Amino acid sequence: MKAENEQRTGLLYGFGAYGMWGLVPLFWPLLMPAGAVEILAHRMTWSLAVVGLALLAVRRWGWIRELLRQPRKLGLTALAASVISVNWGLYIWSVNNGHVVESSLGYFINPLVSIAMGVLVLGERLRRVQWVAVGLSFVAVLVLAIGYGRPPWISLVLACSFATYGLIKKKLNMGGLESLAAETAMLFLPALGYLLWLTAQGRSTFAAQGVGHALLLAATGLVTAIPLVLFGAAAIRVPLSTLGLLQYMAPVFQFGLGVLYFHEAMPPERWAGFSLVWAALALLTWDALRTARRSRAALAAAPVVVAAPAREPA
């Protein structure tokens, strides 16, 4: 009963995390006329403040000393911070410049890019269905490139940057709160320096657009940290396969907002490209569920080996 309650709670946390990520395109336009780089700098700055308060609450500081003693881990953390800043900045820019649908495609194809990276970087072997899914996604990108008259570079950069970030995080093997704190700490000084430079140039919108605008810019820290905290709480309560299915909530919401709320164009060739991506994801999901079911069945059918009692010495 307790396990069921824990899983139900984890599902609620997961819905909360991916729901917030899916609805965040409604938030970034509220920050205009601030540009994408200024919003990104505020996001980095205020995120450190929120994460710092969270660390104070849980009193978890020992990891800092351990991280500082490992130059390789510090380098990977700096690389992760750089990659996620590219992802965040491009996503904010794309939403505020009428590319919500194209940005949603980036998070749809992210699992497929992660699979491709697993093959190319980690030497992983794919099952036949996974190869078909990767092939379908490649065809989808070609169809969308023809439809857009250019490669869907926003989608590709978002997908590749987030997949690279995931790969680095896998190698880092740090907790979600700790890794976010380390990354934002590394980004804090450049971000704060940029904001001070904007202020000196008279180009900052933080104080120029009123108290409401300033509070919204400060809220970028909460918008960043809250879904990550919810995700961390979900990850320890629900199976990884369930989290894998929940991750599609965010791009589905983003796509729906792009088409229904922002009224972005969806000509037939874009529907065709997205349909191929969705078909690839459906295949991946089916294959993952089938593999998990077989693994559980094999584990249940495995004979239980009982150790024979040791003989007493004669």
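Look above for the structure.
Residues numbered from 1 in each chain as written. Predicted model: local features only at pLDDT ≥ 70, side-chain atom pairs only at ≥ 80, totals over all residues. Heavy atoms only, no water.

Asker: Could you clarify how one ought to interpret the environment of A36 in this entry?
Answerer: Position of A36 among the secondary structure elements: in helix 2 (residues 36–58). What makes A36 buried here is its relative accessible area of 18%. Beyond its immediate sequence surroundings of up to four residues, A36 is in contact with G89, I92 and W93. (Helix = DSSP H or I, 4+ residues; strand = E, 2+ residues; numbered from the N terminus. Buried < 20%, exposed > 50% of the residue type's maximum accessible area, 1.4 Å probe, protein only. Contact = heavy atoms within 4.5 Å.)

Asker: Is there a simple way to explain helix 6 (residues 128–148) in this structure?
Answerer: Given a rise of 1.5 Å per residue, 21 residues ought to cover 30 Å, and the 30 Å separating the end C-alpha atoms of helix 6 matches this to within 8%. Buried within helix 6 we find V129, Q130, A133, V134, S137, A140, L144, A145 and Y148. Viewed along the axis of helix 6, the buried residues span an arc of 160°, placing them on a single side of the element. Of the exposed residues in helix 6, those oriented more than 90 degrees away from the buried face are R128, F138 and I146. Within two residues after helix 6, G149 carries a phi angle of roughly 80°, on the positive side. (Expected span 1.5 Å × (residues − 1). Arc of directions from axis to C-beta.)

Asker: Looking at this structure, how should I read the pattern of salt bridges?
Answerer: Where charged atoms of side chains with opposite charge meet at close range, the side chains can pair. Under the defined criterion, the tally for this structure stands at three salt bridges. Put simply, D287 and R127 hold a salt bridge, and the shortest N to O gap is 2.7 Å. In this pair, D287 is assigned in helix 13 (residues 268–301) and R127 in the loop between helix 5 (100–120) and helix 6, connecting sequence segments 160 residues apart. The exposure class assigned to D287 is buried, which follows from its relative accessible area of 1%. Because the salt bridges share partners, they merge into one network encompassing R127, D287 and R290. (Salt bridge = Lys/Arg side-chain N within 4 Å of Asp/Glu carboxyl O.)

Asker: I would appreciate a short explanation of helix 5 in the present structure.
Answerer: The periodicity of an α-helix, 3.6 residues per turn, causes residues three or four positions apart to be oriented the same way. Across its 21 residues, helix 5 extends 29 Å between first and last C-alpha, which sits within 8% of the 30 Å expected from 1.5 Å per residue. Of all the bends found along helix 5, the most pronounced is centred on I109 and spans about 45°, while P111, a proline, follows it within four residues. The buried count for helix 5 comes to 17 of 21 residues, which makes it a mostly enclosed element. (Bend = angle between axes of the 7 residues up to and from the residue.)

Asker: What is the right way to look at the packing of aromatic side chains in this model?
Answerer: Two descriptors summarise a pair of aromatic rings, namely the distance from one centre to the other and the angle between the planes of the rings. If you walk through the whole model with that rule in mind, you get 16 aromatic pairs. Each ring, one from F108 and one from F274, has its centre 6.4 Å from the other, and the planes form 90°; the classification is edge-to-face. Separated by 166 residues along the polypeptide, F108 in helix 5 and F274 in helix 13 bring together distant segments of the chain. Across the pair, F274 and F108 agree in class, each one buried. For the pair F108 and W278, a centre-to-centre distance of 6.0 Å together with 75° between the ring planes defines the contact as edge-to-face. In this pair, F108 sits in helix 5 while W278 sits in helix 13, placing the two residues 170 residues apart along the sequence. Taking relative accessible area as the criterion, F108 reaches 3% and is therefore assigned buried. The partly exposed category is assigned to W278, whose relative accessible area is 29%. Aromatic ring contacts, followed pair by pair, group F108, F255, W271, F274 and W278 into a single cluster. One Lys or Arg, R43, reaches over the ring of W88 and ends 4.2 Å from the middle of that ring. Here the guanidinium or amino end of R150 rests over the ring plane of Y148, the centre of that ring lying 4.9 Å away. (Phe/Tyr/Trp six-rings, centres within 6.5 Å; stacked < 30°, edge-to-face > 60°. Lys NZ or Arg CZ within 6 Å of the ring centre and 35° of its normal.)

Asker: For this particular structure, what's the right way to read unusual backbone geometry?
Answerer: A negative phi holds for most residues other than glycine; trans holds for most peptide bonds. The omega torsion across M32 and P33 is 20°, close enough to zero to call that bond cis. Positive phi outside glycine occurs at H263, with the angle close to 55°. By the element assignment, H263 lies in the loop between helix 12 (249–261) and helix 13. You can call H263 exposed: its relative accessible area is 63%.

By themselves, these observations are geometric and do not establish any function.
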